[in-house]
Every structure is written in structure tokens, then in C-alpha cells.
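Commentary on secondary and tertiary structure
Spelled out, the chains give:
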Amino acid sequence: MFITALILVCLSFRLSLSAAPRGMTTREIECSQSVSGTAIPCPAFSTGESNSLQTPGQLREDWIPVDSLQLNTWLDAGKHLGLMFSSSQNAFQECTDMNELTFAARQAIAKSPVWIQAQLSNTLRQLESGDQNVWAAVINDADDPYVDEIAFSIATSSAVYLGSIYAHPQMMLENAQMLYTADAALPYVQIMNFGSAAMGGDYYSTTYYNKLNADSTLSQVYVPREIYYWYIVHPKITDEIPAYIDPAVVESNTTHANNIAAPPTGQFWRSFFFNAAEQNYPCLADTLGMYSTVRNLNGNNGDAIHAIQGWINRTMSFTSNSERPHQPVRIYRKHIGRCGEYGDYTMAAARTALIPCTQITTISTDHVWNEFWDEGWVQWEPVNGYINTPLVYENGWGKVFGSVYETRSDGCMTPVTERYSEGLATITISVTDSLMRPVDGAKVFLAIYEGGIRIDNIGFTGNNGICVFPVGENRHYYARCESPIGVYPLNPGTYMSLVENSVNGEAYNYQFTIDNALPLPLINQIAPPADAQDDWQMAVSFSVPHQIIRGSVTWDDVDIVGPKPWFYKQLDQPGTINLLMTDPDGYIFYEIAQSCDAFNVLGNVQSGSAFFNIPANSDWYAFLDN
């Protein structure tokens, strides 16, 4: 059984509307302006992970396997998952306090690529059975070559969105189909399929594109799988609700959902951008059909990147009125916007053109721009004609950056300050409980002084309780953390002052100690039950190859229908988990009170195995607890 552990999460916060002519279109985060004190710097922290491992014994070779159940999933914070041996049926079945997967959902997971199955399982488990069946049907009914793109799009969409009235199953199919429509029409790029749903296994797709090197030689560049799916395939751009949009309806600055409409009135951005030819504006598909390279490094501007840049500037003007739309379809119809609209618009155009693209944000200086991928991320701001000039803001505009970050389509924010600031410092915050144990999943707010205290970035701690922010120099920084067990500083909404004037090359380390202690299950370890007859044996093996941080998304318009959605960030570090074996009474007590008698207990381990001989006429449980 293979389980991936999931980090704890923390509380969300309220948002308020922003107002034009602010460049960004995201809602500003409320900040109380209150300071509790100055944090005292401390020595650097160890970021190493525990390598604890316990193996209580080896499985006897003379046992004959008669039943098995393999699980490959993410285990949500505070949840458990495992096996129950039914003595009446002499067979295993799943036991968990998460939602059960429907038969259709299990079929969809089995049909999907192995590499996305765990995340797809985690997403579908958060849905009610009816919604599980709706989204499973999109995968089960799909044909090659669309299955992997559809499975990825569903797996990485939030459960809040998938369970809402705004999510349209047809859109997931259209999104995948339009990728291949563009592939057939664009000479500079080709989608390659490695395996298929019909073959099964770890199949995937990605793109190859043509590139003209500085010496005018032509090369073909492979786009890494993760880049292809997250920055081309995903149906969501930034904070908008992925939906069919009526381009003629003025978009509400409050809900950003009043222009959602079913097809054919409603249009999906990938199809709309590819085919739109309104008034005298050029059609993107026709514009790109004459280019054979994505990028030319020999000084020849006849490439797709420059063509998209020209198309954007012919179809958009830099200004705004009171309407600040998030939907690319509506932005196209308006043909005006500031940096916030241009950021979304550029991503929609580039991804429609099968070029990986993302958005870069700096709250402290109220600006957003883009990056496209060309064997690495390249700064790009079409409205100003900037390509690969990352220091233009600092050295040309005079901006003094705090934190600069990239936002993935699911809302995961990754600091990239080092690409845009010549002066760079590092702020590391370690969050511990009252017993000095690391607090995982704590939400850390990094703030900056810019005419007042303003939140500038948000991070989450991993298993080691540490959150790291690369930041610009010559700035005054503040911080606050919130977690399910408490907050620091203790006064609501207040911040600790960190460094008043950050210095290039310096590392600033702080420890935030929450007054409460992390709760732990109360397990009374007992000996395995006696068994006089060698008839049945339960054996379990497991590993936790990855640590997954789950965090609340800072900006997502779908929060109008319910709680803030989650994003999931996989770290290249193992996680840890607890294994327990117990009888039916122990399992019931554990579910009710997180307390029970258990045997073969393995605590806080990355992997392990355990077994015992099963006494007759009783059910038994073996489960992993996060």
C-alpha cells in the first residue's frame, strides 16, 4: 500500500474589493496595520527531514497470498485510510473516514495515467457520490488522445469548483479537443503522445517546438511533462472560474460570475481565442499559422512569440474603466485593460497557441507581467515589448521589490524574487508549538511597509515547520502566522516587525512559537493478539514517497459559492505517517476520540511493514493515520 502524506492546513482570511485605476485586478488583502513587537533573529534552522524507519518483522515465505488491496492515494490531513479484514468473508476491504469512491470514480482512476491517479483519487474523494459520477463519466467516456489531459484537468481542479453550479463537464472535453485542434494548425509545435489510455500505465503527452538558435541552426525543444500540463493544458488561467462566458455581459467586480452562460451563448476561452475574428481584429489562428518557430534567437522576429505579442497589442489598449474583468473572453470583447487584464490575456493567448505561460506578481509595487517557457522561464510583457529583460523594472522603472512570485493555475504561489532583484535577502520563519515541535501547514503572511503595512506574500510550512521567502533589499518586512492550533502574534491581525532595512546577501531567521501544543493521538501500545492456528495472516507494507502541502488559495472567484478552495504542492521530500493495527472496538474508539489500544504501531515513519496472525471469528483493522 502506497500512501502520500498531506500537510495540515490553516485558516483562511477575508478579502475586500479593489478599485480602479489599480493595475492588478485581484482583491486587496485586508491588513490591520497593527504591530505586536519586533521579532528577535535566531540562528539558521536545520531543514533536514526525518529518516525514521521501523520494520517489526519479515513476512513468512510459506504463506500463500489469497487477497490483496493496493491503495495509491494522498492521505488528507487529520484523516486515516487502510484495510479491514472481514472474518465472515475472509477478505479485505477499505476502511477510511474520507468519502468512499464510487464504482465509476474507481473506473476513471484506473483509466487515468498512473502519475495522476493519487491526486485524482484525492479530488474525487472530496465530492459527493453524484458529483463523483459526473466527473468520472467525462474520463470514462473519453477516447484517446484526450484522456490524460482530461484526467489532469479534473484532478487539479478544486473540489469547490467541481461541486459548484459553474462547472460544466463538456468544457473539460472541449479544452482537451482544442489542444489537438491547435496542434494540427500550428506549424511550430507538435503534441507527442507517449502511450495511451488503451495501453494503460504511466502514459503522458507533451509538446515539442521548433526553435531557431543564435547561429541560425534549427533545433527541436522538448517541454517537460509538468510544464505541459500545468502551463498549457490546465483550463484555469488565474483567479477566474473556468466556465463558458457570455462576452457581451459586463462582468461584476464583486462576483465575477454574472457572465457565466451555457453554450452556445457562452464561450470557452481556448476556443474563443483561437477562432475569434471580430470587427477588424486579426484571428489568432490565422496569425500563427504562418510561423514555423516558437522563438528565434538570431535576431529575426518572425516567430510565434513576436506574433502573439503583436496580436495582443493589436487587439488590446492599455487603459481601464470601472469594470475590471477576470475572464479572458470578456477581456477580449472589451479590448482594454491594465496590467492585471494583460496578464490574464497574455496567458490565454499563449496557452491557446500551445506555448507554456504563467503570470508573475509583485503586490508591493502593484504590477503583474508574464513568463513563457523556453528551456527555462523567460520574462515577457507584450504591452511594453519586453522579452527576457527581467531587471527592467528595478533598473529601468526604479521599482524596489519586496517579494515577487509566480502563481500556478490552482493558486499555488512560488517566490521568484531572485529573477527580478539584483539585491536579494532571505527570510526564514520556523513555526513551533509550545513544546518546540515544528508545526506543519502553518500559514505565514509576509508583509511589507508601502505607505502602511501590506501583505506581500503568503507561504505554508512543511513537515519541518519552516517557510522561506527570498526578498528584495532595502525594505522593512513584517510577518504573522496562523494555524489550526493557534496564531502568532497572539493579538488578532497583528504582525511582528522583522528587519527594517534588508541587506543584499543577508539571511534573516526567526522563530514563531504558538502557545498551544500540537494534538497527538493517544495510543496505548499492546502486544499482537494470540493465535493458535496458522490459518490467516494480515500483512501491510507502505511508503510515503512525497510530502504534499495543502494550502488555502489566496485568490479564487469560486469562493463566492463556499469555502476557499485548496491547492496542493508536492515537495521532493518524503512525508511521514503512523501505522496502527487494532480490533473493531479499538477502531471505533479511534474514530470517535483519536484514542485506542493498538499493536504493531509505527509512529512518524516514512515507510514500513507489519503483520500478524489473525485470530478466528473477529474483524481486524490496519490503517495509516495522518
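Because the structure is predicted, anything quoted here is derived from the model rather than measured. Here the residue numbering is sequential within each chain, running from 1 through the sequence in written order. Selection of residues for local features in this predicted model requires a pLDDT of at least 70, selection of side-chain atom pairs for listing and counting requires 80 or more, and totals for whole chains, interfaces and linings are taken over all residues. Hydrogens and waters are ignored; side-chain quantities use all the structure's heavy atoms.

So, on to helix α1 (residues 103-111). Within an α-helix, residues lying three or four positions from one another point in the same direction, as the helix has 3.6 residues per turn. Partly exposed describes any residue whose relative accessible area lies between the buried limit of under 20% and the exposed limit of over 50%, with all areas from a 1.4 Å probe on protein chains only and scaled to the type maximum. Helical segments are the DSSP runs of H or I of at least four residues, strand segments are the runs of E of at least two, and each set is numbered from the N terminus. The complete set of buried residues in α1 reads A105, A108 and I109. Seen along its axis, α1 keeps its buried residues to an arc of 100 degrees; they face one direction. Counted as exposed and oriented over 90 degrees from the buried face of α1: F103 and A110. Residue contacts are defined here by distance: any two heavy atoms, one from each residue, within 4.5 Å place the two residues in contact. Contacts from the buried residues of α1 go to α2 (114-125) and α3 (129-140). In this description, one arc is meant: the one made by directions from the helix axis to the C-beta atoms.

Right, let's talk about the packing of aromatic side chains for a bit. Note on aromatic pairs: the rings of Phe, Tyr and Trp (six-membered ring only in Trp) are paired at centre separations within 6.5 Å, and the planes decide the class, stacked below 30 degrees, edge-to-face beyond 60, tilted for the rest. Inspection of every chain in the model, using the stated rule, returns 39 aromatic pairs. Measuring from ring centre to ring centre gives 6.1 Å for F85 and F92, while their planes differ by 75 degrees; the resulting arrangement is edge-to-face. For F85, a relative accessible area of 5% corresponds to the buried category. With 5.5 Å between their ring centres and 75 degrees between their planes, F460 and F567 make a pair best called edge-to-face. Here F567 lies in strand β29 (residues 566-571) and F460 lies in strand β20 (residues 453-460), a separation of 107 residues in the sequence. Members of the aromatic cluster, each reached through a chain of ring pairs, are W369, Y386, Y393, W397, F401 and Y420. Here the guanidinium or amino end of R225 rests over the ring plane of Y204, the centre of that ring lying 5.1 Å away. As a reminder, the over-ring test applies to NZ of lysine and CZ of arginine, requiring each to be within 6 Å of the ring centre and within 35 degrees of the ring normal. One Lys or Arg, R550, reaches over the ring of W566 and ends 4.1 Å from the middle of that ring.

If you trace the three strands from one edge of the open sheet to the other, you get β21-β18-β25, paired in mixed fashion. What marks the edges here is a single partner per strand, and that holds for β21 (466-472) and β25 (507-513). In this sheet, adjacent strand axes meet at a mean angle of 20 degrees when their direction is disregarded. One requirement defines pairing of two strands: DSSP has to find at least two bridges between them. With seven bridges joining them, strand β18 (residues 424-432) and β25 adopt parallel strand pairing. Bridged to S430 within β25 is Q511. Where helices are involved, their axes are fitted lines through C-alpha atoms of the stretch in contact, as for all axes, and angles between N-to-C directions lie from 0 to 180°.

This next bit is on the confidence of the model for the chain. The pLDDT value expresses, per residue, how confident the predictor is, ranging between 0 and 100. In the predicted model, the chain carries a mean pLDDT of 91, and 94% of its residues have values of at least 70. Scored below 50 in pLDDT, residues 1-20 makes 105 contacts in the model with residues more than four places away or belonging to other chains.

As a further point, take the nonpolar core. What is meant by a nonpolar core is a set of buried Ala, Val, Leu, Ile, Met, Phe, Trp, Tyr and Cys residues, joined one to another through side-chain atoms within 4.5 Å. Ranked by size, the top nonpolar core spans 92 residues in total, and within it W135, I154, Y188, Y228, L288 and I355 carry the most contacts. Beyond its immediate chain neighbours, meaning those up to four positions away, I154 contacts L120, T123, W135, V138, I139, L162 and M172. One finds L446, F469, Y508 and I514 within the second-largest nonpolar core, a separate group that totals 25 residues.

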